[in-house]
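This is what each chain is made of:
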There are 2 protein chains.
Amino acid sequence: MSISSRFSVGIHILALININKESTTTSEFLASSVNTNPAVIRKIMGMLKKAGLIEVRPGIAGSKLTKELAEITLFDVYKAVNVVQENDLFSIHDNPNPLCIVGKNVQNTIEPIFTAAQVAMEKVLISVTLEDVVKDIEAKENIS
Amino acid sequence: MSISSRFSVGIHILALININKESTTTSEFLASSVNTNPAVIRKIMGMLKKAGLIEVRPGIAGSKLTKELAEITLFDVYKAVNVVQENDLFSIHDNPNPLCIVGKNVQNTIEPIFTAAQVAMEKVLISVTLEDVVKDIEAKENIS
DNA sequence: TTAAGTTGTAACTATTTTGATTACATGTAT
DNA sequence: ATACATGTAATCAAAATAGTTACAACTTAA
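Treat the numbers as computed from the prediction; the structure is a model and nothing was measured.

## Some words on the overall build of chain A
Line of reasoning, step 1. Each helix and strand counted, chain A has six helices and two strands in total.
Line of reasoning, step 2. Here the C-alpha radius of gyration of chain A, 19 Å, is well above what a compact globule of 144 residues would show, namely 15 Å.
Line of reasoning, step 3. The principal-axis extents of the C-alpha atoms in chain A amount to approximately 65 × 35 × 25 Å.
Line of reasoning, step 4. Among the 144 residues that make up chain A, the fraction classed as buried is 47%.
Line of reasoning, step 5. Of the accessible surface of chain A, which amounts to about 7100 Å², a share of 50% is contributed by carbon and sulfur atoms.
Line of reasoning, step 6. Of the charged side chains in chain A, 14 are positive and 16 negative, and the gap between their average positions amounts to 6 Å.

This is how it looks when you write it as structure tokens:
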């Protein structure tokens, strides 16, 4: 099972809003770039808005970032689009048998390990900003 | 979305086979400790067997580990039970529009970042052995 | 003030995965 | 031969994903 593509779509949306900042970036325009439905885009934009990453207003076409690219990390996007809950990257089977030494203690033994693994992953996301992403997109474009 | 509990159940199974090594550990016994169905246990045991972590034979009750506890990492279990595919912890939306600078390049830009995040998580799993887990389970048991 | 265009959101759908369950063939040992 | 285990397939309900349609609410401009 994979983490929802809402995350990569969220990154795509934010990068494109920035790159396209001289024009108005509507959900329809974004949808044609992402290759999905405008309603899907609007739903994700609603999450990005709720997280304070973008400004969008009913009836008004377009949207813009509320912060500088360098001030938005991929972790911010990841949290915004709600793809992995706090301390819930790994699920642990519940109600193991408390009469068994293993059943009684596995959960408490495993949980901190799973948390550490999740945190290590999230730290990588914290270390990358949208500025890094956009610069890399532009660099790749110039090469090709 | 969370990573399947097959992983935590796999750890539970291996730990219990070891702790119970003086007796025979049947799928029914394991099922009662994990609190699930024996067929579920057998399916996961089949994966652990295929990965070379345990010995089980048709018709013969019980199973044992093929290696020392200290030689089995949680990463081995994680790979065995097939909960996350290689380079596929995060899914990326496909067929973005190649006529858009972002659509054309996001995938290639994002992929290495996602891979790095996944690897960071997996490194934590590599660093923990079943011996660590079993010792912690026993320590918790002695305290309580 | 009406018309056109956009966002916000709900409802519905197909697909996929999970985890549980039942059933039974296959294999082993007494 | 009987009893018991494992191996495995088929089936099911529940949950999440991603797409689609539809429409209300809002804004702007003619």
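From this point, the narrative continues.
## Some words on the protein's contact with DNA strand C
Line of reasoning, step 1. Around DNA strand C, the structure places 24 residues, and the nearest of them are Ser27 and Arg42 of chain A together with Ser4, Ser5 and Thr36 of chain B.
Line of reasoning, step 2. The separation between a sugar or linking oxygen of DNA strand C and a polar main-chain atom of glycine 59 of chain A is 3.3 Å.
Line of reasoning, step 3. Those elements that provide at least two residues to the surface near DNA strand C are helix 3 (38-50), strand 1 (54-57) and strand 2 (60-65) of chain A together with helix 3 (38-50) of chain B.
Line of reasoning, step 4. Split by residue class, the surface near DNA strand C holds ten nonpolar, nine polar and five charged.

## Comments concerning the pairing of strand 2 of chain A
Put simply, side chains in a regular strand alternate between the two faces of the sheet.
Line of reasoning, step 1. Relative to strand 2 of chain A, strand 1 of chain A runs antiparallel, the two being bridged by three bridges. Residue glutamate 55 of chain A lies in a different strand from strand 2 of chain A, and its bridge partner there is lysine 64 of chain A.

## Some details on the confidence of the model for chain A
Line of reasoning, step 1. The predicted model of chain A has a mean per-residue pLDDT of 96, with 100% of residues at 70 or higher.
Line of reasoning, step 2. Under the prediction, the complex receives an ipTM of 0.94, its pTM being 0.95.

## Topic: the relation of the copies chain A and chain B
Line of reasoning, step 1. Laying chain A over chain B is done by rotating through 180° and shifting 0.0 Å along the axis; what remains is an RMSD of 0.0 Å. Put plainly, the chains are arranged around a two-fold axis. Relative to the rotation axis, the closest C-alpha in chain A is found at methionine 121 of chain A, a distance of 2.4 Å.
Line of reasoning, step 2. Residue by residue, 100% of the interface of chain A is reproduced at the interface of chain B, so both copies engage with the same surface.

## Some points on the environment of valine 106 of chain B
Line of reasoning, step 1. Looking at where valine 106 of chain B falls in the secondary structure, it is placed in helix 5 (residues 101-126).
Line of reasoning, step 2. Valine 106 of chain B sits in the buried class, given a relative accessible area of 0%.
Line of reasoning, step 3. Beyond its immediate sequence surroundings of up to four residues, valine 106 of chain B is in contact with His12 and Ile137 of chain A together with His93 of chain B.

## Some points on the environment of isoleucine 11 of chain B
Line of reasoning, step 1. Examined against the element boundaries, isoleucine 11 of chain B turns out to sit in helix 1 (residues 6-19).
Line of reasoning, step 2. Here the alpha-carbon distance between isoleucine 11 of chain B and alanine 116 of chain B, two residues 105 residues apart in the chain, equals 25 Å.
Line of reasoning, step 3. Not counting chain neighbours up to four residues away, the residues in contact with isoleucine 11 of chain B comprise Ile110 and Phe114 of chain A together with Leu74, Val77, Leu130 and Val133 of chain B.

## Comments concerning the interface of chain A and chain B
Line of reasoning, step 1. Listed as interface residues are 56 residues of chain A and, on the opposing side, 56 residues of chain B.
Line of reasoning, step 2. Buried surface at the junction of chain A and chain B, both sides included, amounts to about 4800 Å², of which 67% is carbon and sulfur.
Line of reasoning, step 3. Taken together, the connections running from chain A to chain B amount to two salt bridges.
Line of reasoning, step 4. With a closest N to O distance of 3.7 Å, glutamate 141 of chain B and lysine 104 of chain A form a salt bridge.
Line of reasoning, step 5. Seen at the junction of chain A and chain B, the total is 22 residue pairs in polar contact (both at pLDDT 80 or more).
Line of reasoning, step 6. Only helix 1 (6-19), helix 2 (27-34), helix 5 (101-126) and helix 6 (130-143) of chain A provide two or more residues apiece to the side of chain A that touches chain B.
Line of reasoning, step 7. With 17 residues, the single largest contributor to the side of chain A that touches chain B is helix 5 of chain A.
Line of reasoning, step 8. When the residues that make up the side of chain A that touches chain B are grouped by side-chain class, the tally is 32 nonpolar, 17 polar and seven charged.

Analysis parameters
- Residues numbered from 1 in each chain as written.
- Chains lettered and ligands numbered in written order.
- Predicted model: local features only at pLDDT ≥ 70, side-chain atom pairs only at ≥ 80, totals over all residues.
- Heavy atoms only, no water.
- Helix = DSSP H or I, 4+ residues; strand = E, 2+ residues; numbered from the N terminus.
- Rg over C-alpha atoms; globule rule 2.2 N^0.38 Å.
- Buried < 20%, exposed > 50% of the residue type's maximum accessible area, 1.4 Å probe, protein only.
- Areas by Shrake-Rupley, 256 points an atom, 1.4 Å probe, with all protein chains shown as cover.
- Lys, Arg positive; Asp, Glu negative; His and termini not counted.
- Charge placed at Lys NZ, Arg CZ, Asp CG, Glu CD.
- Near = heavy atom within 4 Å.
- Polar contact = N/O pair within 3.5 Å; in protein donor to acceptor, adjacent residues only side chain to side chain.
- Nonpolar A, V, L, I, M, F, W, Y, C, P; charged D, E, K, R; others polar.
- Pairing = 2+ DSSP bridges.
- pLDDT = per-residue confidence, 0-100.
- Least-squares fit on C-alpha atoms with pLDDT ≥ 70 in both.
- Contact = heavy atoms within 4.5 Å.
- Buried area = accessible area lost by both parts, 1.4 Å probe.
- Salt bridge = Lys/Arg side-chain N within 4 Å of Asp/Glu carboxyl O.

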